[in-house]
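Residue-level listing of the chains:
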Amino acid sequence: MGNPKILVVLTSHDEHTKLPGKKTGWYLPELSHPHAVLYKDYEIVTASPKGGKAPLDPNSAEAFGSDPESKNFLENHAHVFEQTRPLKEFLGRSGDFAAIFYPGGHGPMYDLYSDADSIALIEEFNRAGKPLAAVCHGPIVFAQAKGTDGQPLVKGKRATGFTNKEEDIVELTQHMPVLLEDEFKKKGALWEAAEPWAERVVVDGNLITGQNPASAKGVGEELAKAIRAQQK
């Protein structure tokens with residue numbers, strides 16, 4: 001039968017809209033660290049709104065160039081982000097996958113925040129009771145999704161993500177279309193956060209969220225744990 005599949009959804013957005021020329025995308029350790037945890041036991045299938053090569057945030061490649069997991073990922077697993085399938089191809093196929101996972105980077109704030117196919121997929125996976133995981137800016141993808149009761153998916157759920165304080169520190173608050181922390185609080189999420197850059201992973205039912213790059217490995221570990229629990 002092969003290993004269970006995890007659908008990993010990456011951004012297609014490569015530039016800050018309000019800062020022309022300033023590149024963004026998905027953030028390297030937020031995929032490479034969970035990938036290191038998961039790839040031996042699970043088949044990783046990648047999608048993005050546009051398909052094709054999903055843009056890697058060049059700042060993250062520079063900052064984590066000597067990080068062992070990130071270095072290994074770029075050297076041996078680059079196909080994971082260079083050959084993504086268009087997101088719409090996966091609608092109606094949640095039964096083929098054990099879980100769905102969204103790495104962060106600022107890119108998702110622009111496209112996946114409001115992408116209709118992504119929102120439909122999240123709602124489909126949620127109806128099937130599959131784990132929904134995201135890290136750093138990735139959790140913004142859940143902000144506009146609805147739960148099975150028609151209420152916001154995150155309403156009444158413990159969750160975390162990149163905080164307003166962290167956005168202030170990287171000096172991008174005024175350039176963001178929305179702020180993740182504000183959006184979650186507006187939708188009734190029970191927001192939790194550690195100090196800036198400290199690891200924080202929150203699990204509530206099938207929702208798994210991590211605060212920042214330091215939380216990426218922990219999200220991968222919790223995702224593996226959730227999938228194993230479902231298989232029992």
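The notes below deal with the structure included here. (Residues numbered from 1 in each chain as written. Predicted model: local features only at pLDDT ≥ 70, side-chain atom pairs only at ≥ 80, totals over all residues. Heavy atoms only, no water.)

## Focus: the overall build of the protein chain
Across its full length, the protein chain carries 9 helices and 9 strands. For the protein chain, whose C-alpha radius of gyration is 16 Å, the value lies close to the compact-globule estimate of 17 Å for 232 residues. Out of the 232 residues in the protein chain, the part that is buried amounts to 54%. A fraction of 77% describes how many contacts in the protein chain between residues 6 or more apart in sequence connect residues 24 or more apart. Accessible surface for the protein chain amounts to roughly 9900 Å². Of this, 48% is attributable to carbon and sulfur atoms. The centroid of the 26 positive side-chain charges in the protein chain is displaced by 4 Å from the centroid of its 32 negative side-chain charges. (Helix = DSSP H or I, 4+ residues; strand = E, 2+ residues; numbered from the N terminus. Rg over C-alpha atoms; globule rule 2.2 N^0.38 Å. Buried < 20%, exposed > 50% of the residue type's maximum accessible area, 1.4 Å probe, protein only. Contact = heavy atoms within 4.5 Å. Areas by Shrake-Rupley, 256 points an atom, 1.4 Å probe, with all protein chains shown as cover. Lys, Arg positive; Asp, Glu negative; His and termini not counted. Charge placed at Lys NZ, Arg CZ, Asp CG, Glu CD.)

## Some words on unusual backbone geometry
In this model, Cys-136 sits at a positive phi of 65 degrees, which is unusual for a non-glycine residue. Summarising the element assignment, Cys-136 is placed in the loop between strand S5 (132-135) and strand S6 (158-159).

## Describing the pairing of strand S8 (residues 201-204)
Bridge count between S8 and strand S9 (residues 207-210): 4 bridges; the pairing is antiparallel. The residue bridging Val-202 from the neighbouring strand is Thr-209, located in S9. In this structure, the hairpin formed by S8 and S9 is closed by a connection of 2 residues, where Gly-205 is found at a positive phi of approximately 65 degrees. (Pairing = 2+ DSSP bridges.)

## Topic: the packing of helix H1 (residues 28-38) against helix H9 (residues 216-231)
In a packed pair of helices, the relevant descriptors are the angle between the two axes and the axis-to-axis distance. Where H1 meets H9, the closest approach of the two axes is 8 Å, and the angle between their N-to-C directions is 40 degrees. Overall, the two elements H1 and H9 adopt an arrangement that is oblique. As H1 runs across H9, the sense of the crossing is right-handed. Within the contact between the two elements, H1 uses Pro-29, Glu-30, His-33, Pro-34, Val-37 and Leu-38 and H9 uses Ala-216, Lys-217, Gly-220, Glu-221, Leu-223 and Ala-224. (Axes fitted to C-alpha atoms, helices over the stretch in contact; angles between N-to-C directions. Parallel < 35°, antiparallel > 145°, perpendicular 65-115°, else oblique. Left-handed = near helix turned anticlockwise from the far one by under 90°.)

## A short note on the sheet that holds strand S1 (residues 5-9)
Here we have 7 strands laid out as an open sheet, ordered S3-S2-S1-S4-S5-S9-S8, and mixed in their pairing. Edge positions in the sheet fall to strand S3 (85-86) and S8, since each of these pairs with one other strand and no more. Lying on the sheet, helix H6 (residues 116-127) is in contact with S1, strand S4 (99-102) and S5; it crosses S4 at an angle near 140 degrees. In this fold H9 packs onto S1, S4, S5, S8 and S9, with an angle of close to 165 degrees to the strand it touches most, S9.

## Looking at the pattern of salt bridges
All told, the structure shown has 11 salt bridges when counted by the stated rule. Two residues, Arg-158 and Glu-192, come together in a salt bridge whose shortest N-O distance is 2.5 Å. Here Arg-158 is found in strand S6, whereas its partner Glu-192 is found in the loop between strand S7 (190-191) and S8, with 34 residues between them in sequence. On the accessibility criterion, Glu-192 (17% relative accessible area) is buried. Between Lys-217 and Glu-221 there is a salt bridge, with the nearest N and O atoms lying 4.0 Å from each other. One end of the pair is Lys-217 and the other is Glu-221, both in helix H9 and 4 residues apart, which spans about a single turn. Residue Glu-221 is classed as partly exposed on the basis of its relative accessible area, which comes to 38%. (Salt bridge = Lys/Arg side-chain N within 4 Å of Asp/Glu carboxyl O.)

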